[in-house]
Amino acid sequence: MAHMKNAVFDAPASAPPAAAQPGAVRHLRHLRDLPGPRPWPLVGNTLQVSLHSVHQNLAEWAHAHGPFFRVRLGGSKLLVISDAELIGQLLKERPETFRRPSRMQAIMREMGIHDGVFMAEGETWARQRRMVMASFAPQQVRGYFPSLLKVAHRLRERWQGAAERQAQGEAGIDLQADLMRFTVDAVAGLAFGTEVDTLSSDGDVIQRHLDKIFPAIWRRAHAIFPYWQFVKLPPDRALDDSVKVVNAAIRRFIDEARERLQAPERRAAPPNLLEAMLVAADEPGSGMTDDDVAGNVFTMLLAGEDTTATSLSWMLDLLWRNPSALLRARQEVDRELGPLGAMANWTAEDLGRLDWLEACIHESMRLKPVGPFNVVEALKDTVVGDVAIRKGTPVLLLMRHDTVSDAVFPQADAFLPERWLPERWLPEGAALAPAHAKRVSMPFGGGPRICPGRFLALLEIKLAAAMLLRHFDILGIDTPDGLPPPEHMALTMVPLGLSLRLRERAPA
Ligand code: HEM
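Rules of the game
Residues numbered from 1 in each chain as written. Predicted model: local features only at pLDDT ≥ 70, side-chain atom pairs only at ≥ 80, totals over all residues. Heavy atoms only, no water. Helix = DSSP H or I, 4+ residues; strand = E, 2+ residues; numbered from the N terminus. Rg over C-alpha atoms; globule rule 2.2 N^0.38 Å. Buried < 20%, exposed > 50% of the residue type's maximum accessible area, 1.4 Å probe, protein only. Contact = heavy atoms within 4.5 Å. Lys, Arg positive; Asp, Glu negative; His and termini not counted. Charge placed at Lys NZ, Arg CZ, Asp CG, Glu CD. 1 Å grid on protein atoms, 1.4 Å probe; cavity = no way out; pocket = protein on both sides within 12 Å on 5 of 7 lines; lining within 4 Å. Points joined across faces, edges and corners; volume = space filled by probe spheres on them. Nonpolar A, V, L, I, M, F, W, Y, C, P; charged D, E, K, R; others polar. Phe/Tyr/Trp six-rings, centres within 6.5 Å; stacked < 30°, edge-to-face > 60°. Lys NZ or Arg CZ within 6 Å of the ring centre and 35° of its normal. Near = heavy atom within 4 Å. Polar contact = N/O pair within 3.5 Å; in protein donor to acceptor, adjacent residues only side chain to side chain.

**Notes on the overall build of the protein chain**
Of the regular secondary structure elements, the protein chain holds 17 helices and 13 strands. Relative to its length of 508 residues, the protein chain is compact, with a C-alpha radius of gyration of 24 Å against a globular reference of 23 Å. Its C-alpha atoms put the protein chain at 70 × 60 × 45 Å along the principal axes. Burial status across the protein chain gives 56% buried among its 508 residues. Considering only residue pairs separated by 6 or more positions, the protein chain has 71% of its internal contacts joining residues 24 or more positions apart. On the protein chain, the mean spot of the 59 positive side-chain charges and the mean spot of the 61 negative ones are 4 Å from each other.

Next comes the structure, spelled out in structure tokens:
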């Protein structure tokens, strides 16, 4: 699986990869030597991919051309790799050798979104990352658990109302939209110390505006020509309005947080990320500006909302399609948890006992990672496997390749949560230990820029799923055509059109 990095940069252009013999001089290939889909004049491969299923186009090319191939998309020549071990190595070489794509940063800035830790680079990134990590550490997230329970309870009440209306003939719940309300409320409480109650309201909530931003970044990142710089179409004007609404909400969060920081004891030990950033920004020479603070609030809303809600939607859909796994999850929840009351009576330890549900989360993120690929950009001339690339070359990392290979995960297409349990059942000859499996399946990325929100995300997913199973019968998770939901790529890979029908369970 692994392709070792070679120190020699400039090798003959068309040299084949050398056999890995001790002492042998290995020849390096260059992008132009690699196989890949045949580019068309001027547009390269851009018109051969579909905007919302580009991940599937890339997966097909990886099967046809192997673990290293080249493509030309949107005017850039990219190296595409799919070997999980090599991907893991590259992700570790940030921020020194690779950065996030500069094109994405330019698009977000142009929209009026300041850099946060997701887009920052170098020293700025390192400084912001330390603060974010401190605020999202497991003990910090556990300390916030009672507030998280209140948010889960509000989701329960919202769905109680929906179940009653469904009994009167109303259509199913737009699952993804409701789960996004849950995740916005959750992240705002933890990261900003603000109660944002989108779950109890159907008005013009912030979540509706956040919804527009990921797809817009995606569309613009793949546009052949930046028409919006010359003429704004209705979707561009709607986007501008949404960014304004979110920025206004962020200003409110900041003002409220500054108000709370009037208390000296709060300033001495700020209890959430926003207040910690504001205290840091007030220090002379901290290097933290007001724009950095605003950029990070935006980042947490964007990075924490869609990803977690989407992972939850995929898992619920997979459980619905695998009734024995769903039944086992429900039995586990009934065994370990009493009813979720308004007085926040579950503990983080209670959820820690839900091993099967946790295995279902890992398995669904293996099959349906919200980021089926990641992109990094070389900050200097370097070597990837046996391919020499120039500074500025984007490298596209196919995160869902080895994870759906039978050679690595036997019966790879099947939803088998047991493969993530210590006492797992696996078919004959399958030797992939869960620890190794976690190195291959990287739904949260890897290396120094691995997702800092992963503890919170896992807790939110477990909590919402446990609440659903404990209090409702799932009558159906439907799609408009009755088929499994299409994978719709719009920065994250979203299941389209899921509609949840449910009935409240009778008290035990
Ligand atoms: C299931 C839910 C989630 C998934 C699948 C997910 C996935 C990811 C991935 C793939 C990355 C890129 C990592 C890399 O480049 O190696 C990332 C980065 C990031 N995520 Fe998440 N994420 C989730 C939830 C969250 C939450 C809840 C938050 C915070 C509220 C969050 C905040 C971030 C931030 C700030 C970064 C950038 C880190 C950096 O560049 O240093 N994510 N996430």
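Picking up after the structure, the text goes on.
**Quick look at the layout of surface pockets**
To find the voids left in a structure, one rolls a probe of water-molecule size over its atoms. In this structure, the second largest pocket encloses a volume near 870 Å³. Lining the second largest pocket are 34 residues; nearest its centre among them are His362, Lys438, Phe444, Arg454 and Leu458. For the lining of the second largest pocket, the elements supplying multiple residues, two or more each, are α2 (84-92), α5 (138-143), α14 (348-352), α15 (355-367), α16 (434-440) and α17 (454-471). Within the lining of the second largest pocket, the residues separate by chemical class into 17 nonpolar, nine polar and eight charged.

**Remarks on unusual backbone geometry**
The general pattern is negative phi for most residues beyond glycine and trans for most peptide bonds. Here the amide bond leading from Arg94 into Pro95 is cis, since omega sits at 5°, within 30 degrees of zero. Note on placement: Pro95 falls in the loop between α2 and β4 (98-99). Even without being glycine, Gln411 reaches a positive phi, approximately 50°. Looking at the secondary structure, you find Gln411 in the loop between β9 (394-398) and α16.

**Looking at the packing of aromatic side chains**
A full pass over the atoms with the stated rule returns four aromatic pairs. Considering the side-chain rings of Phe192 and Phe253, the 5.3 Å spacing of their centres and the 25° angle between planes classify their relative orientation as stacked. Residue Phe192 is located in helix α7 (residues 175-192), and its partner Phe253 is located in helix α9 (residues 234-260); the two are separated by 61 residues in the primary sequence. What makes Phe192 buried here is its relative accessible area of 1%. Judged by its relative accessible area of 6%, Phe253 falls in the buried class. Taking 5.3 Å as the distance between ring centres and 85° as the angle between the ring planes, the aromatic pair formed by Tyr227 and Trp228 counts as edge-to-face. You can call Tyr227 partly exposed: its relative accessible area is 28%. In this structure Trp228 comes out as buried when scored by relative accessible area, which is 8%. In this structure, Arg328 is placed above the aromatic ring of Trp356, and the distance from its NZ or CZ to the ring centre is 3.9 Å.

**Here we look at the site of the ligand**
Around the ligand lies a shell of 26 residues, among which Arg94, Arg100, Trp125, Arg129 and Cys451 are the nearest. One of the side-chain nitrogen or oxygen atoms of Arg449 is found 2.9 Å away from an oxygen atom of the ligand. Listed by contribution, the elements that provide at least two residues to the shell around the ligand are α4 (122-135) and α12 (290-321). Examining the composition of the shell around the ligand, we find that seven residues originate from one element, α12, more than from any other. A class-by-class count of the residues in the shell around the ligand yields 13 nonpolar, nine polar and four charged.

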